[in-house]
Amino acid sequence: MTKKWTAEKLTLGVCYYPEHWSEELWEDDFRRMKEAGFTYVRMGEFAWTIFEPEEGVYSFALFDRAIEKAHKLGLKTVLGTPTATPPAWLTHKYPDVLNVSQSGIAYQHGARRHYNYNSENYRRLSSAIVTEMAKHYSYNPGVVGWQIDNELNCEIDVFYSEADHFAFRKWAKEKYQTLDQLNEAWGTVFWNQTYTSWDQVYLTRTTVPNSPNPHHMLDEKRFISDSAISYAKMQADIIRKYTSNQWVTTNGMFKHLDNHKLTNEVLDFYAYDSYPNFGRVLEDKSDKPLRDRKWSWNLSVVRSISPNFAIFEQQSGPGGWVTRLEQPSPNPGQLRLWTYQSIAHGADLVMYFRWRTATKGTEIYWHGINDYHNLPNRRIKEVEQVSKEIQLIGEKIAGATYQAEIAIVTNYDNEWDAEFDKWSGPFASLSIEAWFKALQYNHVPVDAYNLNRTSNLEELKKYKVMVYPHAAIVSEQTANLLERYVKQGGKLILGCRTGYKDETGQVYMKAFPGYLAALTGISVEDFTREAPFETTPIVIYKDKTEIKTRGFYETLKVESKDTEVIGRFSDCYFEGKPGLVKHQFGEGACYYFGGVFTIELAENLLEEIQINNYNNKFDLPESVELSIRKKEGKAFVFLLNYSHEMQELEVKEEMTNILTGEKIHQKIQLKGYDVLVLE
Amino acid sequence: MTKKWTAEKLTLGVCYYPEHWSEELWEDDFRRMKEAGFTYVRMGEFAWTIFEPEEGVYSFALFDRAIEKAHKLGLKTVLGTPTATPPAWLTHKYPDVLNVSQSGIAYQHGARRHYNYNSENYRRLSSAIVTEMAKHYSYNPGVVGWQIDNELNCEIDVFYSEADHFAFRKWAKEKYQTLDQLNEAWGTVFWNQTYTSWDQVYLTRTTVPNSPNPHHMLDEKRFISDSAISYAKMQADIIRKYTSNQWVTTNGMFKHLDNHKLTNEVLDFYAYDSYPNFGRVLEDKSDKPLRDRKWSWNLSVVRSISPNFAIFEQQSGPGGWVTRLEQPSPNPGQLRLWTYQSIAHGADLVMYFRWRTATKGTEIYWHGINDYHNLPNRRIKEVEQVSKEIQLIGEKIAGATYQAEIAIVTNYDNEWDAEFDKWSGPFASLSIEAWFKALQYNHVPVDAYNLNRTSNLEELKKYKVMVYPHAAIVSEQTANLLERYVKQGGKLILGCRTGYKDETGQVYMKAFPGYLAALTGISVEDFTREAPFETTPIVIYKDKTEIKTRGFYETLKVESKDTEVIGRFSDCYFEGKPGLVKHQFGEGACYYFGGVFTIELAENLLEEIQINNYNNKFDLPESVELSIRKKEGKAFVFLLNYSHEMQELEVKEEMTNILTGEKIHQKIQLKGYDVLVLE
Amino acid sequence: MTKKWTAEKLTLGVCYYPEHWSEELWEDDFRRMKEAGFTYVRMGEFAWTIFEPEEGVYSFALFDRAIEKAHKLGLKTVLGTPTATPPAWLTHKYPDVLNVSQSGIAYQHGARRHYNYNSENYRRLSSAIVTEMAKHYSYNPGVVGWQIDNELNCEIDVFYSEADHFAFRKWAKEKYQTLDQLNEAWGTVFWNQTYTSWDQVYLTRTTVPNSPNPHHMLDEKRFISDSAISYAKMQADIIRKYTSNQWVTTNGMFKHLDNHKLTNEVLDFYAYDSYPNFGRVLEDKSDKPLRDRKWSWNLSVVRSISPNFAIFEQQSGPGGWVTRLEQPSPNPGQLRLWTYQSIAHGADLVMYFRWRTATKGTEIYWHGINDYHNLPNRRIKEVEQVSKEIQLIGEKIAGATYQAEIAIVTNYDNEWDAEFDKWSGPFASLSIEAWFKALQYNHVPVDAYNLNRTSNLEELKKYKVMVYPHAAIVSEQTANLLERYVKQGGKLILGCRTGYKDETGQVYMKAFPGYLAALTGISVEDFTREAPFETTPIVIYKDKTEIKTRGFYETLKVESKDTEVIGRFSDCYFEGKPGLVKHQFGEGACYYFGGVFTIELAENLLEEIQINNYNNKFDLPESVELSIRKKEGKAFVFLLNYSHEMQELEVKEEMTNILTGEKIHQKIQLKGYDVLVLE
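Residues numbered from 1 in each chain as written. Chains lettered and ligands numbered in written order. Predicted model: local features only at pLDDT ≥ 70, side-chain atom pairs only at ≥ 80, totals over all residues.

Enquirer: Any chance you could explain the interface of chain A and chain C here in plain terms?
Expert: On the side of chain C, 54 residues touch chain A, which itself brings 44 residues to the contact. Among the secondary structure elements, those contributing two or more residues to the side of chain A that touches chain C are α8 (214–242) and β15 (522–529) of chain A. In terms of residues, the side of chain A that touches chain C owes the most to one element, β15 of chain A, which gives four residues. When the residues that make up the side of chain A that touches chain C are grouped by side-chain class, the tally is 19 nonpolar, 18 polar and seven charged. (Contact = placed C-beta atoms within 7 Å. Helix = DSSP H or I, 4+ residues; strand = E, 2+ residues; numbered from the N terminus. Nonpolar A, V, L, I, M, F, W, Y, C, P; charged D, E, K, R; others polar.)

Enquirer: Is there a simple way to think about the environment of aspartate 149 of chain C in this case?
Expert: Residue and element names in this part refer to chain C. Position of aspartate 149 among the secondary structure elements: in the loop between β4 (143–147) and α6 (162–176). Judged by the 24 C-beta atoms lying within 10 Å of it, aspartate 149 is buried. Between the alpha carbons of aspartate 149 and proline 82 there is a distance of 5.7 Å; along the sequence they are 67 residues apart. (Buried ≥ 20, exposed ≤ 12 C-beta atoms within 10 Å, placed from the backbone.)

Enquirer: Please clarify how the sheet that holds strand β11 (residues 406–410) of chain B should be interpreted in this entry.
Expert: The strands that make up a sheet are held in pairs by hydrogen bonds between backbone atoms, and each pair lies either parallel or antiparallel. Residues and elements named next belong to chain B. An order of β12-β11-β13-β14-β21-β20-β19-β16-β17 is seen for the nine strands of this open sheet, with the pairing classed as mixed. Strands with a single pairing partner mark the edges of an open sheet, and in this sheet they are β12 (446–450) and β17 (545–548). The sheet shows a mean angle of 25 degrees between the axes of neighbouring strands, direction not considered. (Pairing = 2+ DSSP bridges. Axes fitted to C-alpha atoms, helices over the stretch in contact; angles between N-to-C directions.)

Enquirer: Could you clarify how one ought to interpret the relation of the copies chain A and chain C in this entry?
Expert: Look at the two chain copies: a rotation about an axis and a shift along it is all it takes to match them. Rotating chain A by 120 degrees about the axis while translating it 0.0 Å along that axis superimposes it on chain C, leaving an RMSD of 0.1 Å. Read as a symmetry element, the transformation amounts to a three-fold axis. Ranked by how close their C-alpha atoms come to the rotation axis, the residues of chain A are headed by isoleucine 105 of chain A, at 5.9 Å. (Least-squares fit on C-alpha atoms with pLDDT ≥ 70 in both.)

Enquirer: How do you make sense of the UniProt feature "binding site: substrate" (unreviewed entry) in chain A when you look at a structure like this?
Expert: As recorded in UniProt, the feature "binding site: substrate" (unreviewed entry) lies at Arg112, Asn150 and Trp321 of chain A. Tracing the backbone shows arginine 112 of chain A in the loop between α4 (88–93) and α5 (120–137). With near-sequence residues (within four places) excluded, arginine 112 of chain A lies in contact with Ala84, Thr85 and Glu155 of chain A together with Trp191 and Val208 of chain B. In this structure, tryptophan 321 of chain A sits in the loop between β8 (309–315) and α12 (334–344). Residue tryptophan 321 of chain A is classed as buried on the basis of its C-beta count, with 20 C-beta atoms lying within 10 Å. Setting aside residues up to four positions removed in sequence, tryptophan 321 of chain A forms contacts with Thr362, Glu363, Tyr365 and Trp366 of chain A together with Ser211 of chain B. (UniProt positions renumbered as here; feature names shortened; annotations may be inferred.)

Here it is, written out as structure tokens:
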């Protein structure tokens with residue numbers, strides 16, 4: 001991260017496509033945006049052919065006029081580089097720029113993101129258009145910042161063009177230096193996969209039962225991430241060469257991309273596109289489904305990248321492509337709720353997607369604030385209400401920091417390894433979901449914390465408790481850091497299948513949990529996956545509470561005098577065996593559960609670890625989320641009601657709802673989807 | 001349609017493949033056909049290699065002998081052109097004739113319909129074989145008509161060979177003249193799809209998340225239909241050049257093909273292949289499933305193409321390919337029932353598929369009237385019974401016209417647009433099914449009416465009521481025609497998502513329902529798709545009846561003093577909002593329902609619109625279909641029992657069952673699958 | 001089979017990959033193997049690159065050291081030829097060796113079995129490596145036998161490389177001599193598939209609705225089987241050229257491979273890889289699921305290939321690839337149970353897969369006896385118990401023959417034809433499963449008998465009863481053999497859809513059951529598949545027992561005075577029609593059921609045919625399997641408890657459990673998963 005973006009107040013904005021509409025509409029559109037309280041307008045990110053109608057011929061007139069009109073009316077433009085959608089002339093002339101499926105089918109012109117990051121032609125042509133745009137707009141007073149490309153790795157997150165295979169070979173050569181080291185890292189001696197010449201090395205290819213080498217597969221994802229970052233860096237470097245006051249970011253968050261590294265190495269801050277309606281339309285069959293509230297986790301992960309971030313696309317209506325993703329309308333109140341959800345989690349700038357619903361193309365059902373007809377509607381009114389409220393609270397909140405004493409740990413290596421691993425891989429996301437639900441429904445604010453090679457004790461010490469379930473890959477260095485964290489007083493919670501793999505994804509010749517033996521005070525004696533024809537075991541927690549389990553079972557062998565067994569399995573052939581332990585270690589404690597977490601177990605452990613749930617200040621129903629942002633000693637409490645029904649809650653000490661100025665004390669009613677911001 | 005085919009009496013026939021059987025069997029087969037009461041025999045449609053064993057070498061001896069034998073025994077031959085199955089020598093020598101998948105995989109020799117309509121080689125070779133056949137058989141007294149190819153667009157209805165891409169480019173150039181107009185029509189400014197050179201234009205190709213441009217996709221289907229028609233026309237023109245008394249038709253009805261245009265421009269009449277067993281084997285989970293009775297709707301659509309038509313393949317046994325489509329046997333009585341189903345809906349010629357079950361190839365389980373063993377069976381007996389009955393009633397019925405006061409409107413543009421549209425597209429078929437069931441189960445005969453660019457008020461005026469649910473595409477011209485229809489006294493019934501798209505599939509910048517604003521007397525205020533996590537709203541019809549809903553909800557704003565709200569939503573956040581209105585307009589009325597029709601709602605509206613259900617003449621159970629054909633003032637009433645159980649029904653005025661001569665009055669019992677034809 | 005392998009005693013062994021582990025571990029590993037009671041160790045089958053690091057350069061040092069170390073410690077090595085996994089240098093240099101999907105996508109390096117059997121390059125290179133290995137190891141005293149390749153046709157059992165198409169054309173030319181005969185056999189006159197030149201002939205290719213010619217498809221499977229056998233024979237011939245005392249085998253059993261022919265023509269005996277855990281993890285929804293006990297059927301089929309056989313891979317822990325096949329751990333006792341399951345069915349050598357769980361590659365979850373960590377675990381203890389027991393009983397049991405009076409008949413032509421036939425094909429496996437369950441749960445030992453062109457009356461006469469359900473293909477020769485079998489006193493049980501196809505898969509122009517008319521004493525009058533919308537018919541057995549049915553119904557016409565109707569259909573439109581008959585024929589009887597067998601019907605017929613269920617000797621619960629092996633007049637009775645629960649059983653005459661020496665008489669308790677071997 002080369003420089004820091006700070007917002008002086010909360011601001012709103014909107015995405016606009018001047019090229020889609022008759023020029024006569026622009027002025028009226030921009031004036032209405034301003035009236036609606038917007039400050040930012042994002043433009044340009046899919047307009048390559050307008051900027052460069054033929055190779056090497058550039059034309060900025062259309063956007064010059066649009067930016068100028070917006071600027072005159074007081075709107076600041078965020079300009080997108082248009083590389084997410086190469087022109088027809090480009091892909092037709094240079095088919096090597098196309099992304100290709102693993103089995104060799106090229107993705108053609110007709111949708112978006114059909115290019116690859118490693119084609120020399122695409123790098124050259126991208127470089128040229130970004131250079132021309134940066135030169136042209138660097139001193140334009142209407143342009144305040146840049147969005148690189150659009151949603152890197154969205155639509156598709158694997159790449160198998162010739163250029164990618166070639167670049168991967170180079171990447172592998174740089175990483176491993178010798179074929180012996182590559183063979184060692186990928187365990188190629190298994191099934192005779194040994195490479196004896198660099199030109200035998202490819203990205204994974206079609207294999208007989210669709211089962212390529214898993215270590216190779218893990219490196220492939222690292223390579224994809226590096227490719228995307230390097231491509232974004234190429235653009236950022238060009239923009240920075242020509243600009244001075246304009247910031248550079250991009251909008252995420254998609255798979256096979258280390259967004260933390262991307263942000264640290266390339267961006268001024270991170271931006272996110274937030275569509276909680278996905279969470280409402282997916283038929284979530286899980287226990288106590290989160291639905292749109294799942295986005296609070298997504299936003300927590302975004303916050304782990306940029307503590308204060310921007311939303312570049314905030315859902316503003318029902319969504320759906322012509323071909324898929326069909327969604328109902330947000331109910332009255334939900335657009336406002338979702339905007340505050342973003343703000344509560346750290347967003348200081350929120351741009352709605354989009355000003356007016358497209359009348360053409362794949363996204364005609366991805367509704368904007370305005371309908372096709374441009375007449376007044378309830379969505380505009382709701383956004384205008386938010387705007388007015390933001391005017392009141394924007395300066396107080398901006399820059400304030402989200403407060404959490406507990407963190408759920410994420411890690412790219414484990415995420416990528418788990419994705420490919422059907423045996424142990426699915427458990428991490430199940431346990432994270434269970435923990436997040438337990439924390440949400442018990443009103444315990446939580447951070448995501450990304451553990452990586454630059455992580456240090458200072459960062460970890462911020463948290464009283466860290467939950468890192470089912471991290472298969474744990475290096476000696478990571479084990480050491482976690483030991484130091486617990487030793488100084490931290491509480492660490494681990495689940496089954498922890499610590500058995502090294503960074504190549506190969507398995508240690510050690511008893512589980514590998515380098516975490518000392519910290520956990522146990523070893524794994526025996527284990528099994530859940531068996532379809534047998535009864536599901538339970539855990540007897542602290543000799544009395546029966547807790548249902550799922551997925552996997554490890555029986556634990558106590559290896560330390562400081563290990564206390566706090567849960568034992570029952571209703572199974574390993575009846576009575578230890579399944580859950582607490583190991584006192586230095587000033588802190590490590591909890592190890594030989595299974596997959598459930599909400600119920602997480603809630604029991606919440607009591608055990610004594611984390612602040614603000615019970616002394618509030619009495620809240622499950623459907624209300626509690627978030628706290630703090631600035632200069634002042635805490636701002638967000639209470640968000642995700643239910644469509646009226647909820648009763650209690651504020652135990654008098655506070656002020658700064659959205660209205662109203663004093664609040666004791667029992668009050670919060671309407672369906674309503675929001676309080678208390679000081 | 002160059003000339004009209006009229007039948008003097010109902011006739012039966014059968015499909016026969018002399019090339020499959022030892023020549024010694026032919027004479028016996030033809031004699032038994034004649035004895036079974038058949039007049040027509042269809043031959044030749046898969047025999048290209050027999051007619052042309054190598055390129056340019058023709059051989060008609062086998063079929064000459066077969067046709068002559070048939071003719072001597074009094075059978076008339078319908079001759080198929082054999083282009084549905086190109087010879088191995090042809091596809092091997094000219095692989096460009098093959099159809100190809102969107103991702104580039106050629107469909108090879110080994111099944112059928114693996115060619116494309118636009119290959120120059122295929123056009124040349126098809127033209128040659130059809131020319132030689134037409135020359136050879138034009139004056140053959142045994143040959144009375146021609147079937148072009150076989151089941152155009154069956155098996156596969158998309159085409160992506162090089163020849164198709166090339167022809168599509170040409171087609172687009174002719175349609176749009178300039179790239180600007182093409183770009184405008186396809187909305188290519190969205191996602192930077194703008195074409196800057198004609199050689200960038202292809203049929204849709206593989207795109208990243210399988211989501212090509214929807215307007216492009218709509219044109220692709222128009223192109224496929226035009227390609228098939230042009231290919232059929234090429235054959236028909238050749239046949240007509242050489243023949244005088246022989247008619248020309250083909251057998252349908254498959255997707256991506258404007259059968260109305262095909263028939264008008266190319267054929268003498270339309271023929272259909274009727275397999276109601278599909279309806280019995282598909283596990284129809286819908287409310288009150290139609291099963292084999294669904295074919296009554298298919299036959300109604302066929303009738304909208306040709307008021308009197310032929311069945312070229314009437315199911316005559318259990319069906320199934322070796323690899324799929326496996327079906328049980330028709331129960332005793334069902335072959336007869338299905339034959340009368342065809343006749344009741346307008347068929348004047350019915351040919352059974354096929355004489356004897358194939359002993360080889362993919363269709364060994366597609367049973368004919370005879371089993372493999374050629375011994376007597378119950379299917380032959382049942383067909384012979386039909387034959388005898390047809391002798392009695394054939395002259396009376398032939399040429400008689402099906403009677404309906406209500407029409408369900410179909411339209412190719414909307415059908416093709418809906419097929420690709422997951423957001424609004426699925427509703428039309430749901431509502432058509434609901435209306436058809438309501439009409440069937442209440443004994444109201446119904447037509448399909450195809451609305452197209454040549455539709456006129458005269459045609460529409462034939463119907464007291466028209467139901468046109470969820471027509472997304474409504475042009476100003478169509479809106480105007482519908483206005484004139486209602487103004488003169490018609491009743492028009494519309495559903496949600498009507499009128500918002502133009503003929504390119506782009507959305508109007510207008511309040512819904514677009515150009516139908518004046519006619520409907522409402523605008524759509526707000527809308528939502530059904531939300532998976534919420535309770536399903538109901539409609540309170542006329543302040544008292546609670547009707548369940550599904551799929552989509554539009555709240556309506558009354559825009560005319562003549563608009564009466566007759567239904568309001570309940571159990572939802574738009575509680576009490578108008579959802580169903582009646583708008584008096586001139587002498588007629590337009591009904592608009594802001595939702596997807598159900599059988600229950602359709603039945604309530606049937607009362608409202610007061611359509612003739614023949615209650616005064618009959619009292620019929622649900623399982624009995626009522627159809628009426630009329631000729632020279634005489635009405636013939638078909639009563640068809642689709643249940644396997646005996647049904648009681650009442651004939652209120654004395655009538656005669658012309659199948660038996662029996663007088664019928666008051667309550668009678670109709671056996672399972674039995675049929676009455678009353679005069 | 002060129003020579004016979006006989007075991008003097010039961011022996012155990014284990015699969016080991018010295019190349020995966022540091023050489024320092026070898027000695028300890030081999031010593032522990034010996035201590036665990038193992039005699040055999042299998043090595044080398046995936047190590048091509050180690051043997052031949054570059055083309056033509058051979059290196060045997062690593063395996064020489066391993067074999068020598070093993071030999072010194074008393075272990076005998078079974079050496080695998082490494083052709084299941086070609087080296088990277090090989091597939092990179094000779095891409096024509098790769099297998100290819102039907103649509104043309106090559107399977108690349110990265111997994112295993114991605115080669116084809118017909119590539120000339122692959123044959124040449126395979127021949128070279130096998131020659132070098134055979135030369136090198138032929139007189140090595142540590143090497144006792146060879147495994148050719150590994151699991152032929154596993155992972156993938158279809159092959160469409162250029163080399164395969166080419167070889168198939170040659171194969172077809174040899175088989176049919178003329179195109180006329182090929183066209184006749186494939187019924188190409190149907191749908192105009194006639195070939196007019198040999199270069200038009202390919203293996204089946206992509207067809208429009210994925211429905212290639214079924215007769216062509218049947219030959220394709222015969223060709224695949226012949227290709228695999230010819231490839232194995234090439235290797236066996238080389239090995240035999242250089243060796244004298246070493247036997248040759250391979251490990252099966254996979255689809256599209258005539259393992260009987262393979263064994264007769266190529267191997268000394270047959271080996272099998274037994275993984276009963278598959279049966280426990282698949283969620284078997286069938287009636288009274290067999291789960292791991294299903295492997296008793298698999299082992300019976302193996303026994304039909306080699307009466308005494310070897311298990312080269314006996315499951316020794318939980319299984320799973322990284323990407324699929326995930327399995328729970330075997331419960332305590334199950335490894336032992338499964339070992340005795342193999343032995344009870346005829347295995348004289350059992351090698352466990354594998355010594356230690358792999359720490360790298362696709363099979364890191366395919367656990368060996370040892371865990372990654374190499375520390376003691378319960379699986380080692382369990383295997384050691386088995387070892388000790390085997391010491392006690394090994395000499396008695398080895399070479400003993402499984403005893404069965406009833407056989408279920410298998411036949412490759414019918415299996416391959418059924419696989420492709422959706423209409424009648426699925427019934428055979430349903431009925432075999434029903435019969436096998438009925439026999440298992442009633443403690444009737446059963447053989448599989450493979451009927452083929454070399455079958456003779458002597459072989460059939462071994463069985464009192466043969467069950468051959470739904471054999472669509474029955475030649476006149478087979479019908480004749482079955483007639484002679486029944487005439488001399490055999491009982492034959494047939495199901496619906498029997499005898500209607502000839503060896504090309506074409507249908508006879510005969511009444512069903514074709515050439516079996518005389519033997520069955522009936523003809524099929526009418527038939528239907530089960531109809532989804534109708535009630536399921538029942539059979540009234542012997543005028544009193546109502547038996548549920550499924551799938552298919554044939555009504556039977558009695559054609560012989562010796563035919564007795566013993567079952568009639570009810571609850572259907574063919575009410576009262578004969579569905580099950582017994583036809584006295586010579587000294588025996590033929591039973592024909594016009595339907596698909598269920599357990600219930602099979603159990604009723606078991607009473608009828610009076611087969612020995614050892615009721616006089618034992619009273620056993622369903623969960624216990626009874627198997628008997630006999631040698632030199634002595635019978636050894638295996639009682640295997642597949643339940644995890646204690647079972648009560650009765651031994652009516654005193655016997656000795658030779659595992660413990662304990663006398664057993666009257667009621668005893670058998671623990672969950674426990675095993676008795678009684679003499």
